[in-house]
Structure formats: C-alpha cells, structure tokens
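Reading the structure
So you can see what is in the structure, the chains are spelled out below.
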Amino acid sequence: MIFLRRTVRVAVLTLLVIPITAVTATPQAAADPRKRSQADAGTLARHRLAQLKVARPLSIRGYSHRRFQPRWAHHKGRCDAREVVLARDGRRVRRNAACHPVKGVWYSPYDGRWLKSEKQVDVDHVVPLAYAWRSGAGKWSQARRRAFANDLTRPELIAVSHSVNIAKGGQGPQSWRPPRRSYWCRYAASWITVKSHYRLSVTRREKVALLNMLRTCR
C-alpha cells in the first residue's frame, strides 16, 4: 500500500512538472534570430507604409538648411546631437572636455567601411532635410523642423562615411540606395519609421522603391 501511494504521488508530480517545463522552454525556442527580426521589421514597415499619404513632391521653394538646423541642438550638457550620435555609434570613443570626439572607430553601415578618424565620419539624416521639406515639412513650424533635424529617438540620425553621405546627398530611395544590399531592409524600415512618425507623404516611385527594399527583410 505504501509503495502504491508513493507511485501515485510521483506520477502526480510528474504531470505537474511537465507543463511548467514546456512553458519555460517555449520562449527559448521562440527567441528571435536576426533574420526573424528583419522579417518582423519588414512586416511592420509595410503596415506603416500603407498608411502614408501618397502625393506628388511639393516645391523646394523656400528651403534652406538653416530652416531646419542653424546648428546642432544640445541634448546632454555640452554635447550636441551630432556628438551624441558619434558617441553612440562608435567604439572606444574618447571625447574632450567640450564633448567632441577625439578618438574612436566607426562602422558605416551604408557602405561597410570602418573609419578610424572622426574626420571621415558624417552624421546623416536618413530622410534628408530637403526631401522632408518636399514631403510636407515646409509647412511646419521652425520648432518642429528643428526637432526633426536633431531627433535622437527615431532612426533619423546615423554615423556613416563622409564619402557615402556625399553620394547620397538629398536623394530619396527611388534615386539612391545604400551600396550594401544587406542594409536595405534596415534602411527602408528606418525611412518609413521617420516618415510615419512625422506624417510625411511619399511619392509613388518612392513607395515602390521602399517596397522593393523591404523584400530583402528575411
């Protein structure tokens, strides 16, 4: 009888343990690898893109870089937005008392280059200021344009090589894409995220180009 009671007790405990083990193991099995994360990012970007207004580009008349950014805005003490991005995107970055980087290494995701001097690095506006102007930013207040140009919350600012930033200029995805095809998914998703947050319009050609880049999100 005692043996039978022990056997029943072990069986009950076994039944109780199995579901707990299964629940614990599930999150580990479902951990998102990089490819799955890209796929999720692509799905979300497509959803946001579908909600953006499609319109012809507005006039560039009245545009000036100073209408957005007479200077980089300060975010942390003496550090301006550019210096914050350089510290965030670099490795082993050392800054002087004025917060300016004097040493570090930066990786440019657009073209895959490693940069060992701050002089080789630009902080790019993913959605160029002139492009944003023609997408609706020309109607904004000066304060909103300044917030856009110094936005550290959305993926609008990124450290890239000076040469690739010059090649990009103020072009949109229908005219320019990062040389590294493996970055197209991230680039398109970032572009759409920024436009979605600021409710900027897209052109038909721009939308087609973004959808084509999102096909690489696997």
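Above this text is the structure in question.
Numbering of residues begins from 1 in every chain and follows the order in which that chain's sequence is written. pLDDT decides what is reported in this predicted model: residues at 70 or higher carry local features, side-chain atom pairs at 80 or more are listed and counted, and totals for whole chains, interfaces and linings draw on all residues regardless. Calculated side-chain values reflect all of the structure's heavy atoms, with hydrogen atoms and water omitted.

Moving on, we get to the packing of aromatic side chains. Each pair of aromatic rings taken from Phe, Tyr and Trp, with Trp reduced to its six-membered ring, is defined by centres within 6.5 Å and is described as stacked if the planes are under 30 degrees apart, edge-to-face if over 60, and tilted in the remaining cases. This model, assessed by the stated rule, comprises 14 aromatic pairs. Ring centres 5.5 Å apart and planes at 35° place the aromatic pair Trp140 and Tyr198 in the tilted group. You can see Trp140 sitting in the loop between α4 (129-134) and α5 (142-149) and its partner Tyr198 sitting in helix α7 (residues 184-198), a full 58 residues away along the chain. Exposure classes here rest on a 1.4 Å probe applied to the protein chains alone. A residue is buried below 20% of its type maximum, exposed above 50%, and partly exposed in between. Residue Tyr198 is classed as buried on the basis of its relative accessible area of 5%. Here the aromatic cluster, defined as three or more aromatic residues joined through ring pairs, consists of Tyr63, Phe68, Trp133, Trp140, Phe148 and Tyr198. Sitting over a ring, as applied to charges here, requires NZ of Lys or CZ of Arg to be within 6 Å of the ring centre and within 35 degrees of the ring normal. Sitting over the ring of Trp140, Arg144 keeps its end group 4.9 Å from the ring centre. Looking at Arg177, its charged tip hangs above the ring of Trp184, at a distance of 5.0 Å from the centre. In this description a helix means any DSSP run of H or I spanning at least four residues, a strand means any run of E spanning at least two, and both kinds are numbered starting from the N terminus.

Let us look at a positive patch on the surface. Side chains of Arg91, Arg92, Arg94 and Lys103 sit close together on the surface and give a patch of like positive charge. Ranked by the residues each element gives to the positive patch, the list is headed by strand β3 (residues 90-95), at 3 residues. Secondary-structure assignment places Lys103 in strand β4 (residues 101-108). Note on Lys103: relative accessible area 51%, which makes it exposed. The patch calculation keeps residues exceeding 30% relative accessible area without a salt bridge and links them within 9 Å when they carry like charges or within 5 Å when they are nonpolar (Val, Leu, Ile, Met, Phe, Trp, Tyr). The accessible surface values rely on the Shrake-Rupley method and a 1.4 Å probe; as for residues, cover is taken only from the protein chains in view. Should a side-chain nitrogen of Lys or Arg be within 4 Å of a carboxyl oxygen of Asp or Glu, the pair is scored as a salt bridge. Counting rule applied: Lys, Arg positive; Asp, Glu negative; His and chain ends not counted. Working definition for charges: the position is that of NZ of Lys, CZ of Arg, CG of Asp or CD of Glu.

This part covers the nonpolar core. Ranked by internal contacts, the top residues of the largest apolar core, which has 35 residues, are Phe68, Tyr110, Phe148 and Tyr187. If you list the elements that add at least two residues to this core, you get α2 (34-51), α4, α5, β7 (157-161), α7 and α8 (204-214). Per-element tally for this core: the top contributor is α7, with 9 residues. Dropping the residues within four chain positions of it, Tyr187 is found in contact with Tyr110, Val126, Lys168, Trp176, Pro178 and Met213. Think of a nonpolar core as a cluster: buried Ala, Val, Leu, Ile, Met, Phe, Trp, Tyr and Cys residues, connected wherever their side-chain atoms sit within 4.5 Å. Residues are treated as being in contact if the distance between any of their heavy atoms lies within 4.5 Å.

Our next topic: unusual backbone geometry. Here the phi dihedral of Arg92 falls at roughly 50°; this positive angle occurs in a residue that is not glycine. The topology assignment puts Arg92 in strand β3. For Arg199, which is not glycine, the phi torsion reads 55° and is therefore positive. With respect to the helices and strands, the residue Arg199 is situated in the loop between α7 and α8. Given a relative accessible area of 79%, Arg199 falls into the exposed group.

Attention shifts here to the pairing of strand β6 (residues 121-125). Taken across its 5 residues, β6 has 5 buried, putting it largely inside the fold. Neither face of β6 is left uncovered, since the one carrying Val121, Val123 and His125 and the one carrying Asp122 and Asp124 both have all their residues buried. Strand pairing is assigned whenever DSSP detects at least two bridges linking the two strands. As defined by bridge partners, β6 adjoins β7 across 5 bridges and the pair is classed as antiparallel. The partner of Asp124 across the bridge, within β7, is Ile158.

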